[in-house]
2 protein chains.
Amino acid sequence: MTATREPRRGRPPKGAPQLTRQAIVTATLKVIDIDGIDAVSMRSVARILGVDPKSLYNHVAGKDGLLDAVAEEILGSMHLPEPTGDLRDDLLAIGHAFRESALAHPQAAPLVLTRQLASLEGLAPVEAVLTVLRAAGCPPRDAVPILRTLVATLIGTLLREVHAGPTYGITDVAGIAQRRTTLEQSGLPRVAEAAADLARFDSDAEYQFTLNLAVDAVTARLSAT
Amino acid sequence: MTATREPRRGRPPKGAPQLTRQAIVTATLKVIDIDGIDAVSMRSVARILGVDPKSLYNHVAGKDGLLDAVAEEILGSMHLPEPTGDLRDDLLAIGHAFRESALAHPQAAPLVLTRQLASLEGLAPVEAVLTVLRAAGCPPRDAVPILRTLVATLIGTLLREVHAGPTYGITDVAGIAQRRTTLEQSGLPRVAEAAADLARFDSDAEYQFTLNLAVDAVTARLSAT
DNA sequence: ACCTGAACACCGTTCAAGT
DNA sequence: ACCTGAACACCGTTCAAGT
């Protein structure tokens, strides 16, 4: 005789798995990976945990706090490389590590790239870049704006990449062709002229290009002092 | 005998001002400027127009289309400078024009910086940058990735600026002091060391710095060919 | 300490019916 | 062609009451 499962009341029986902040974050990531960021709601997350939406408020500061927690989780799982002592190599390595962590959950990337994180998780990459710049003999006062420029460039590039999505890649030939003719008929001469190049987008290559350009700029600036 | 104002029904009397796409966009901007972007809803916008929320659907493709329209409006009002023929000067001028238009409605800036715009409005700045690069002898194939890097850098920087908000500036001494001690106690040595510089943020100066660095990188890359 | 019922004040959107 | 009533399926969040 299987009793029809009644909704629990009060604290759960000791055998039951406690609702935990980590479980909530994981569930949220699941929602994001499957249905995208707009599908995140206190209700949708609670649903896949088999819990009342209001229970989440015991572990997370509202929906905003939940999204912050997700961003921190992703940033916290970033694998920072050991510095080798070579400025260029080290900056490039950090740049690639940043991209890798952001793209681990592409649909969640805007969160990581966009949220102003007050927590310590957000500071680990900052520490990494500062360490490399300081090792190259750059004083903190000069290092900070360089750090900010570098981060801004990577964020801007990654934001473009994740917003463009897979559609905008190099595989969807039909889509590329269609975008190309749109651009050719835009009435803007330079845009039309470059339509073939504007219509396609190789994210790996473009990231590489931008990162290299940024690192070049930084090393040039530093050696100029 | 003043009749109690009954809600209109059907098409409005010919004297009444027609609901128009432009009016809707303007009203939305008003909501954003006053209460921020999260305050935008079909209902809030309709309310200040004295209209039923559903009427908006006759002029705008849902809430998403509404936000796109706002972004296009802002981008469309960007004042692009006449090219002088000097690569550096022209790129700097476009960069400053971009910032100016984005900051005309600071609360709406994330829209402009973040939305993937399919419309022609979004192409005007692209045309401007391409024109300058082509004038400097750069072939389209090389110009496009440079353009993308440039735009990504500006977007990343402006995003940081608007997210930081006025609080994070250089005027709020108390806030700066508090952030500084937080950073000093972060346990991260390089962060602690640079705490004084990390705690403050002069947006004008930083934008100038980043823009210069980016333009330097581009000109260096071009003359290397 | 943690969970939920009841409740509140919101959302975006469709569709048919009006003029 | 444009507007709205009725309606639907959602939201986030508070607070008191349970265990």
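Worth saying up front: this structure is predicted, and the values here are computed from it rather than measured.

Moving on, we get to the relation of the copies chain B and chain A. At an RMSD of 0.0 Å, chain B and chain A line up after a rotation of 180° and a shift of 0.0 Å along the axis. Given the turn and translation reported, the copies of this chain are related as if by a two-fold rotation axis. Same-surface contact between copies: 100% of interface residues of chain B are shared with the interface of chain A.

What follows deals with the interface of chain B and chain A. The interface of chain B with chain A comprises 47 residues on the first partner and 47 residues on the second. Where chain B abuts chain A, roughly 4,300 Å² becomes buried across the two surfaces, and 62% of that area is made up of carbon and sulfur atoms. Between the two partners, chain B and chain A, sit eight salt bridges. Linking A:Asp216 and B:Arg221 is a salt bridge whose minimum nitrogen-to-oxygen distance equals 3.0 Å. For the interface between chain B and chain A, the tally reads 16 residue pairs in polar contact (both at pLDDT 80 or more). With 16 residues, the top contributor of residues to the side of chain B that touches chain A is helix H7 (residues 140–164) of chain B.

With that out of the way, let us pick up helix H4 (residues 87–103) of chain B. All names here are of chain B. The first and last C-alpha atoms of H4 sit 25 Å apart over 17 residues, in line with the 24 Å expected at 1.5 Å per residue. For H4, the elements touching its buried residues are helix H3 (62–76), helix H5 (109–114), helix H6 (123–135), H7 and helix H11 (203–224). Taking the backbone nitrogen of Arg88 as reference, a side-chain oxygen 3.3 Å away marks Asp86 as the first, capping residue of H4.

How large an interface is tends to be reported as the accessible area lost when its parts come together. Residues and elements named next belong to chain A. When the domains of chain A are assigned, the result is domain 1 (1–60) and domain 2 (80–224). Between the C-alpha centres of domain 1 and domain 2 there is a distance of 35 Å. Across the boundary between the two partners, domain 1 contributes seven residues, which contact four residues of domain 2. In total, about 470 Å² of surface goes out of reach between domain 1 and domain 2, with carbon and sulfur atoms giving 64% of it. In terms of surface lost to domain 2, no three residues of domain 1 exceed Ile32, Asp33 and Ile37, which account for 73% of the buried area on that side. For the pair domain 1 and domain 2, the number of links is three residue pairs in polar contact (both at pLDDT 80 or more).

The rules behind these values
- Residues numbered from 1 in each chain as written.
- Chains lettered and ligands numbered in written order.
- Predicted model: local features only at pLDDT ≥ 70, side-chain atom pairs only at ≥ 80, totals over all residues.
- Heavy atoms only, no water.
- Least-squares fit on C-alpha atoms with pLDDT ≥ 70 in both.
- Contact = heavy atoms within 4.5 Å.
- Buried area = accessible area lost by both parts, 1.4 Å probe.
- Salt bridge = Lys/Arg side-chain N within 4 Å of Asp/Glu carboxyl O.
- Polar contact = N/O pair within 3.5 Å; in protein donor to acceptor, adjacent residues only side chain to side chain.
- Helix = DSSP H or I, 4+ residues; strand = E, 2+ residues; numbered from the N terminus.
- Expected span 1.5 Å × (residues − 1).
- Domains from an automatic or database assignment.

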